[in-house]
Amino acid sequence: MSAKTLYDKLWDSHEVRKNDDGTSLLYIDRQLIHEVTSPQAFEGLRLANRKPWRVSANLATPDHNVPTTNRAEGIADPISKIQVETLDKNCHDFGITEFRMDDIRQGIVHVIGPEQGATLPGMTLVCGDSHTSTHGAFGTLAFGVGTSEVEHVLATLCLIQKKSKNMLVRVDGQLKPGVTAKDIILAIIGIIGTAGGTGYAIEFAGEAIRSLSMEGRMTISNMAIEAGARAGMIAVDDTTIEYVKGKTYAPKGGQWEMAVQYWKNFHSDEGADFDKEVILDASCIEPQVTWGTSPEMTIAINERIPDPQQESDAVKKEGMKAALKYMGLEAGTPINEMPVDVVFIGSCTNSRIEDMRAAAEIVRGRKVADNVQQALVVPGSGLIKQQAEAEGLDKIFKEAGFEWREPGCSMCLAMNADRLEPGQRCASTSNRNFEGRQGQGGRTHLVSPAMAAAAAVTGHFIDASQLAATSGSDVSGSTV
Amino acid sequence: MEKFTKLSAIAVPLDRANVDTDAIIPKQFLKSIKRSGFGPNLFDEWRYLDHGEPGMDNSNRPLNPDFVLNQPRYQGAQILLAWDNFGCGSSREHAPWALEDYGIRVIIAPSFADIFYNNCFKNGLLPIVLPEEIVDELFKLVEANEGLKLTVDLEQKTITADTGLKINFELDEFRRHCLLEGLDEIGLTLAHADEICQYEEKQKKITPWLFNE
Ligand code: SF4
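Each chain has its residues counted from 1, running along the sequence as written. The order in which chains are written sets their letters, starting at A; the order in which ligands are written sets their numbers, starting at 1. Local features in a predicted model are, by the rule used here, given only for residues with pLDDT of at least 70; side-chain atom pairs are given and counted only at 80 or more, and totals for whole chains, interfaces and linings are based on all residues. Only hydrogens and water are set aside when side-chain values are computed; all heavy atoms of the structure are taken into account.

Caption draft 1: Quick look at the overall build of chain A. Helix numbering and strand numbering both begin at the N terminus, where a helix is a DSSP run of H or I of at least 4 residues and a strand a DSSP run of E of at least 2. Helix and strand counts for chain A come out as 16 helices and 19 strands. For a compact globule of 480 residues, the expected C-alpha radius of gyration is about 23 Å, and chain A comes in at 22 Å, within 12% of that figure. Only protein chains enter the calculation, and the probe is 1.4 Å; a residue is then buried if its accessible area is under 20% of its type maximum, exposed if over 50%, and partly exposed in between. Looking at chain A residue by residue over its 480 residues, the buried ones come to 65%. Note on definitions: a residue-residue contact is assigned when non-hydrogen atoms from the two residues lie within 4.5 Å. A sequence separation of at least 24 residues applies to 76% of the contacts in chain A between residues at least 6 apart. Shrake-Rupley sampling with a 1.4 Å probe provides the accessible areas, and residues are treated as covered by the protein chains on show and by no other component. On chain A, roughly 16400 Å² of surface is accessible, and the fraction owed to carbon and sulfur atoms is 48%. By the counting scheme adopted, Arg and Lys are positive, Glu and Asp are negative, and His together with the chain ends is not counted. Every charge is mapped to an atom, namely NZ of Lys, CZ of Arg, CG of Asp or CD of Glu. Each charge sign in chain A was given a centre, from 47 positive and 62 negative side chains, and these centres are 3 Å apart. It is over C-alpha atoms that the radius of gyration is taken, and the globule rule equals 2.2 Å times the number of residues to the power 0.38.

Caption draft 2: Structural detail: the interface of chain B and chain A. Contacts between the two partners involve 56 residues from chain B, matched on the other side by 70 residues from chain A. Two parts placed together each lose some accessible area under a 1.4 Å probe, and the buried area is that loss summed for both. For the pair chain B and chain A, the summed buried area comes to about 5400 Å², and 57% of that belongs to carbon and sulfur atoms. One speaks of a salt bridge when a side-chain nitrogen belonging to Lys or Arg is within 4 Å of a carboxyl oxygen belonging to Asp or Glu. Connecting chain B to chain A are nine salt bridges. Ionic pairing is found between Glu 195 of chain B and Arg 17 of chain A, a salt bridge with its closest N-O pair at 2.9 Å. When residues of the side of chain B that touches chain A are traced back to their parent elements, those giving at least two are helix H2 (44-47), helix H3 (94-102), helix H4 (114-121), helix H7 (185-190) and helix H8 (193-206) of chain B. Top contributing element to the side of chain B that touches chain A by residue count: H8 of chain B, with nine residues. By the convention adopted, Pro, Cys, Tyr, Trp, Phe, Met, Ile, Leu, Val and Ala count as nonpolar, Lys, Arg, Asp and Glu as charged, and the other residues, Gly among them, as polar. Among the residues making up the side of chain B that touches chain A, the classes are represented as 20 nonpolar, 17 polar and 19 charged.

Caption draft 3: Quick look at the packing of aromatic side chains. The rule is short: rings of Phe, Tyr and Trp, with Trp giving its six-membered ring, pair when the centres are within 6.5 Å, and they are stacked under 30 degrees, edge-to-face over 60, tilted in between. Counting across every chain of the model gives 20 aromatic pairs over all chains. Residues Phe 43 of chain B and Trp 46 of chain B carry aromatic rings whose centres are separated by 5.7 Å and whose planes lie at 10 degrees to one another, so their mutual orientation is stacked. An angle of 65 degrees between the planes, with centres 5.8 Å apart, marks the rings of Phe 43 of chain B and Phe 67 of chain B as edge-to-face. Highlighted residues: Phe 43 of chain B in the loop between helix H1 (21-24) and H2 and Phe 67 of chain B in the loop between H2 and strand S2 (79-81), separated in sequence by 24 residues. Of the two residues examined, Phe 43 of chain B and Phe 67 of chain B, each falls in the buried class. Three or more aromatic residues joined by ring pairs form one cluster here, namely Trp 256, Tyr 262, Trp 263 and Phe 266 of chain A together with Trp 209 of chain B. Sitting over the ring of Tyr 249 of chain A, Arg 30 of chain A keeps its end group 5.6 Å from the ring centre. We call a charge positioned over a ring when the NZ of a Lys or the CZ of an Arg lies within 6 Å of the ring centre and within 35 degrees of the ring normal. Across the ring face of Trp 46 of chain B, the terminal group of Arg 16 of chain B is positioned such that the distance to the ring centre comes to 3.8 Å.

Caption draft 4: View of the packing of helix H2 (residues 39-47) of chain A against helix H3 (residues 78-94) of chain A. Residue and element names in this part refer to chain A. For helices, the fitted axis covers only the stretch in contact; all axes are lines through C-alpha atoms, and the angles between them, taken along N-to-C directions, range from 0 to 180 degrees. In the contact formed by H2 and H3, the axes pass within 10 Å of each other and the chain directions differ by 40 degrees. Overall, the two elements H2 and H3 adopt an arrangement that is oblique. Between H2 and H3 lies a crossing whose hand is left-handed. Contacts from Pro 39, Phe 42, Leu 45 and Arg 46 of H2 reach H3 at Gln 83, Thr 86, Lys 89, Asn 90, Asp 93 and Phe 94. Class assignment for the residues of the contact of H2 with H3 results in four nonpolar, three polar and three charged. Roughly parallel here means an angle under 35 degrees, roughly antiparallel means over 145, roughly perpendicular means 65 to 115, and every remaining angle is called oblique. In this scheme the crossing of two helices becomes right-handed for a clockwise turn of the near helix relative to the far one and left-handed for an anticlockwise turn of less than a right angle.

Shown next as structure tokens:
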């Protein structure tokens, strides 16, 4: 038998049939559902008089539209409200488990899947959301689908798919202190570009990736889509299995032992062939800040805003000029002098407990700078919020002048009330810096949680490790 | 799904690369629970000078005269020309819904983002990938000839025009077949229900935990 990649193994174990035209019918083990991309899928089912193939394969939660303040008062925006209520009704009518807005388990769909053990190694998982790649961190084949496919999976638990090519991104060696998973993935996208992974399923490997916690690995695979790859994945190892153990939907008892044995096979075999390989040296990666309107427009914190005149590719040059104009930046300005107006810590990229801790570590004993008009922390789920509060992290943030909010997507895409005003500059831990993403005219700079926290307390971009070295006050208590 | 066989229409050249789904249909319009009605808000932030919100009367809003879709010569266009990585960003099917609702049936670009490309076929939209030089040729042709119609023939897999232009394009057979026939993919899959059940029976022995109720 020839050596297989992780992706090959996931694909092969889910192929129901091969069609003559090179596509396959692929079995989907799990579908996660949220309010924005599902109403028309349920409507389609009703119109065709179809039922879900197996109800228990689905799990739903509202996240994009939910308010992050005053939950008890419900949703003020009537259109958002209808969308969330439609999800409630659809889940109720079809018998699908849903963590509603008032449930402690509610949160961003890509946070709650892993948190509940609904995301498991070796499975296929889809969601009507491009950041479904997040779940690939578990050695899972996970990808975003459109609403028609949400309906298709509801009705059949299958999708007609064409296999992607295999791409390996290996990050060798060890990270410098203060450099995080977010910096790795931004650096990767900076190198391969936002279309670098188009047509590929990316496997992230190498010592630096293996050394990451599951939270860090999810940050990496979350942004595979920003590199153009529908799926990004990481091999199963002890870290994966430890994380999954004991989760609500994880196998128990005899099934647990059986599952662990089965999962251990989900890694690329020695000598497996990849269609494309990219190799990075972890020790060369610096903390990153994006400067433009595409995640590939990223630089190290000690660098200057690049000059479009130096770019030879004409289309890229125009893109850079437009980005500088939109972002209100001038070529040659050092990024670490750039003041920020708003700080957002949250999103499915960076709203897990470890992200909360990393940010709190920088914030502890400091204050949000005077020029920062708003600093928000939005935990990824109700359970993370609860955990963070148990650790006293909320107090650290609140004392510094941050707002401590209810879980949801929030200012990641500004579908609820949390949004930037035109021209506001934001240090954000989210994953997209497209024009208008966080509010029309808003300017987004993507950074890690530590870097966002550092920007909040100094009022401008700065290498967070400089702050970590000279702590605000007594750094007591361990934050392991 | 609406069939696609042949179309003769004006093509509008959108001179941008990396057109993302937020640009195609801004998020405030995703709150709709319907599939239709997104056309007036297609490219909302580029098309209008004010800020659009759901429920507005779009016919009264100030248009951005510089935006190509608003130019009189491109009114009624059903073919969109664009550059690399069209449709990148989110998985929202609202993007093809908005294009379709506006009247666009064909998009021609050197490359598309995967999920968007896939979503097009579910909605009777034909995305055509052509080499950059040929897309460039089409841009120039369309800009130089006001009122020129391109004819896209899916049976023949050709793009032609009165100027003598003839371009062949490729498309995978399954997708072409579904578009030509306007097939319901779910129905096609359900025709294999037995095989799905057999697969499940086999998997229940290998990964029983995935079938716990
Ligand atoms: S947090 Fe942002 S990227 Fe993640 S699912 Fe929500 S809107 Fe999408």
